[in-house]
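Architecture and fold: a report
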Amino acid sequence: MDIKNYSDLNGLEIDTLREIGSIGTGNAATALSQMLGKEVRITLPEVRIMGYNEAIDWIGGPETITAGVLTQLGGEINGIMLSVQQLDFINLVLTDMLGNPVKEFNQLQEMQISTLVEVGNIMISTFINALSGLADISISLTVPAFAVDMQGAILTVPMAAYGGQSDYIMTIGGNFICEGKQVPCRILLSPDIRSLNFLLRKLGVMDE
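This section reports on the structure supplied with the text. Position labels on residues start from 1 in each chain and follow its written sequence. It should be noted that, the model being predicted, local features are given only for residues of pLDDT at least 70 and side-chain atom pairs only at 80 or more, the latter also being counted only at that level, while totals for whole chains, interfaces and linings use all residues. Processing note: side-chain calculations cover all non-hydrogen atoms of the structure and skip hydrogens and water entirely.

1. Observations concerning helix α7 (residues 193-202)
An α-helical turn contains 3.6 residues, so a residue and the one three or four places further along point in the same direction. Among the residues of α7, those classed as buried are I193, S195, L196, N197, L199 and L200. A contact between two residues is defined here by any heavy atoms of the two lying within 4.5 Å. By definition, any uninterrupted DSSP run of H or I lasting at least four residues is a helix, any uninterrupted run of E lasting at least two residues is a strand, and each is numbered from the N terminus. Looking at the buried positions of α7, the neighbouring elements they touch are α1 (11-36), α4 (110-135) and β8 (181-191). Buried, partly exposed and exposed residues are distinguished by accessible area as a fraction of the type maximum, computed with a 1.4 Å probe on protein chains only: under 20%, between the cut-offs, and over 50%, respectively.

2. Considerations on the pairing of strand β3 (residues 65-75)
Within β3, 8 of the 11 residues are buried, leaving the element largely enclosed by the surrounding structure. In short, DSSP must find at least two bridges between two strands for them to pair. In the sheet, β3 pairs with strand β6 (residues 145-150) via 6 bridges, with the strands oriented antiparallel. In the strand pairing of β6, G68 is matched with A147. Note: β3 against strand β4 (residues 79-85), 7 bridges, orientation antiparallel. Within β4, the residue paired with A67 across the bridge is Q85. Counted along the chain from β3 to the antiparallel partner β4, the turn is 3 residues long. Looking at chain direction, β3 and strand β5 (residues 139-141) are connected through 3 bridges and run antiparallel. Its bridge partner lying in β5, G75 is registered against I139.

3. A closer look at a nonpolar patch on the surface
A patch consists of residues whose relative accessible area exceeds 30% and which take part in no salt bridge; residues with like charges are grouped when within 9 Å of each other, and nonpolar side chains (Val, Leu, Ile, Met, Phe, Trp, Tyr) when within 5 Å. A 1.4 Å probe and the Shrake-Rupley method give the accessible areas. Residues count as covered only by the protein chains that appear here. A carboxyl oxygen of Asp or Glu within 4 Å of a side-chain nitrogen of Lys or Arg is what we treat as a salt bridge. Nonpolar side chains collect at one region of the surface, where I65, V148 and M150 lie side by side and expose about 220 Å² of accessible area between them. With respect to the secondary-structure elements, V148 resides in strand β6. V148 sits in the partly exposed class, given a relative accessible area of 36%.

4. Considerations on the environment of G75
As for its position among the elements, G75 is in strand β3. A relative accessible area of 57% places G75 in the exposed class. Along the sequence, G75 and K103 sit 28 residues apart, while their C-alpha atoms lie 39 Å from each other. If sequence neighbours within four positions are ignored, G75 has contacts with S138 and S140.

5. With respect to the state of the cysteines
Sulfur atoms of two cysteines make up a disulfide when they are within 2.5 Å. Scanning the entire structure with this criterion turns up 0 disulfides. Looking at the unpaired C185, the closest cysteine sulfur is the one in C178, lying at 13 Å.

6. Considering the packing of α1 against α7
One way to put it is that α1 packs onto α7 with a least axis distance of 11 Å and a crossing angle of 85 degrees. On the basis of their axis angle, the class for α1 and α7 is roughly perpendicular. Packed against α1, whose contacting residues are E13, L17 and I20, the element α7 presents L196, L199 and L200 at the interface. All amino acids are sorted into three groups, where Ala, Val, Leu, Ile, Met, Phe, Trp, Tyr, Cys and Pro are nonpolar, Asp, Glu, Lys and Arg are charged, and the leftover types, Gly among them, are polar. Within the contact of α1 with α7, the residues separate by chemical class into 5 nonpolar, no polar and 1 charged. Inter-axis angles, ranging from 0 to 180 degrees, are taken between N-to-C directions of lines fitted to C-alpha atoms, where helices are fitted over the stretch in contact. Angular relationships are summarised with four words: roughly parallel below 35 degrees, roughly antiparallel beyond 145, roughly perpendicular across 65 to 115, and oblique for the angles in between.

Shown next as structure tokens:
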């Protein structure tokens, strides 16, 4: 039976999405490790189905300034994927790839932003490639967009796109571990309800 809302997901379906989150973020950590040229691991990721306001609080609060790399999903799955880049993550990338970290988001220059977009895009692409392989489906990605804003404002994009279909969003969180330091990793995956039903059928946890 089709679900009409994320809140309709049963235990098996949520566990399956957790497994996707674990595999996807593991692959993203491997991609980041290759980009930085050093070992990067990720703690066991936590996958939750949350209301938008709860998700904003979980990431750090609505007024916390952060950066986001956003891309739209197409093909057999429609939706949005957002990689949230907090300042610790940004400086991990900028220090190793460019040698010039920043103290504030407003210090980011064009080359630094380009690097962060590329890193976010590769991590998202790696995650989506893992999902595509697991479910044997084709997913395309739009050119990523980059924004620096309060987290509440950044999350208005998926809310505006899919808030009419569901009050919930899939959130994936863990910590990258690089040279003994933990850096937060937050990803939001929001397929539309039709796509979520299709995905769960392809993964064999929902009846035709």
